[in-house]
Amino acid sequence: MEAPTLIQREGKYWLLYSANFYGSPEYTTGAAWSDSLLGPYTKMDEPLLTSDATQTRGPGGQAVVSTPEGDVISFHSWDELDLYRGMLKLPLNWVDGQPVADASGRQVPMS
């Protein structure tokens, strides 16, 4: 586990983190929540970002930014040729109090 990001939404603390080997498609971003800053934290059943869901390779190293239009999750992943890890961003929605990355559209490169 690496790259922890801690945010608070709707009275809960959310810990986002990257897990597995960063050089593989199994590198993912997970999430866990707690009512208390000090925990204990409960992991979500499924990862927040995966290679399949984002159509990228190894999404991780995330950060959350709040904007007037809503939250955005930025993360890095491998390019199509596995030459470098570039930064991307997706809208981060909150559904029934849980984070959901909106990968329905194309991932947007960071500019």
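Bear in mind that the values here come from a model prediction, so they are computed numbers and not experimental data.

## A word on the pattern of salt bridges
Summed over all chains, the structure comprises two salt bridges. One salt bridge in this structure joins Arg9 and Asp71, with 3.0 Å as the shortest N-O distance. Placement of Arg9 in strand 1 (residues 2-9) and of Asp71 in strand 6 (residues 70-78) is noted, with a sequence separation of 62 residues between them. For Arg57, the salt bridge identified is with Asp82, shortest N-O distance 3.1 Å.

## Side note on the sheet that holds strand 1
The four strands lie next to each other as 1-2-3-4, forming an open sheet whose pairing is antiparallel. Each having just a single partner strand, strand 1 and strand 4 (42-43) make up the two edges of the open sheet. Two strands pair when backbone bridges link them, and strand 2 (residues 12-19) and strand 3 (residues 28-34) are joined in this way by seven bridges, in the antiparallel orientation. Among the inter-strand pairings, Leu15 is bridged to a residue of strand 3, identified as Ala32.

## Focus: the nonpolar core
Formed by 14 residues in total, the largest nonpolar core has its most connected members in Leu48, Leu49, Ile73 and Ala101. Looking at this core, the elements that each hand over two or more residues are strand 2, strand 6 and strand 7 (85-95). When residues of this core are assigned to their parent elements, the largest contribution, three residues, is made by strand 7. Discounting residues that sit within four places of it in the chain, Leu49 has contacts with Thr28, Thr29, Thr54, Pro59, Ile73, Phe75, Leu90 and Ala101.

## Observations concerning the side chain of Thr5
On the secondary structure map, Thr5 appears in strand 1. Overall, Thr5 belongs to the buried group, its relative accessible area being 11%. For Thr5, the side chain forms a polar contact with the main-chain oxygen of Gln62, separated by 2.9 Å. Sequence-distant contacts of Thr5, defined by excluding residues within four places in its chain, comprise Trp14, Leu15, Leu16, Gln62, Ala63 and Val64.

## What to know about the packing of aromatic side chains
Working definition: an aromatic ring pair is given by the centre-to-centre distance plus the angle between the planes. All chains considered together, the criterion is met by three aromatic pairs. Ring centres of Tyr22 and Trp78 lie 6.1 Å apart, and the angle between their planes is 25°; this geometry places the pair in the stacked category. One end of the pair, Tyr22, is in the loop between strand 2 and strand 3; the other, Trp78, is in strand 6, with 56 residues separating them in the sequence. Through pairs of rings, three or more aromatic residues link up here, namely Phe21, Tyr22 and Trp78. The positively charged end of Lys12 is found above the aromatic ring belonging to Trp33, 4.2 Å away from the centroid.

Reading the values: the criteria
- Residues numbered from 1 in each chain as written.
- Predicted model: local features only at pLDDT ≥ 70, side-chain atom pairs only at ≥ 80, totals over all residues.
- Heavy atoms only, no water.
- Salt bridge = Lys/Arg side-chain N within 4 Å of Asp/Glu carboxyl O.
- Helix = DSSP H or I, 4+ residues; strand = E, 2+ residues; numbered from the N terminus.
- Pairing = 2+ DSSP bridges.
- Core = buried A, V, L, I, M, F, W, Y, C linked by side-chain atoms within 4.5 Å.
- Buried < 20%, exposed > 50% of the residue type's maximum accessible area, 1.4 Å probe, protein only.
- Contact = heavy atoms within 4.5 Å.
- Polar contact = N/O pair within 3.5 Å; in protein donor to acceptor, adjacent residues only side chain to side chain.
- Phe/Tyr/Trp six-rings, centres within 6.5 Å; stacked < 30°, edge-to-face > 60°.
- Lys NZ or Arg CZ within 6 Å of the ring centre and 35° of its normal.

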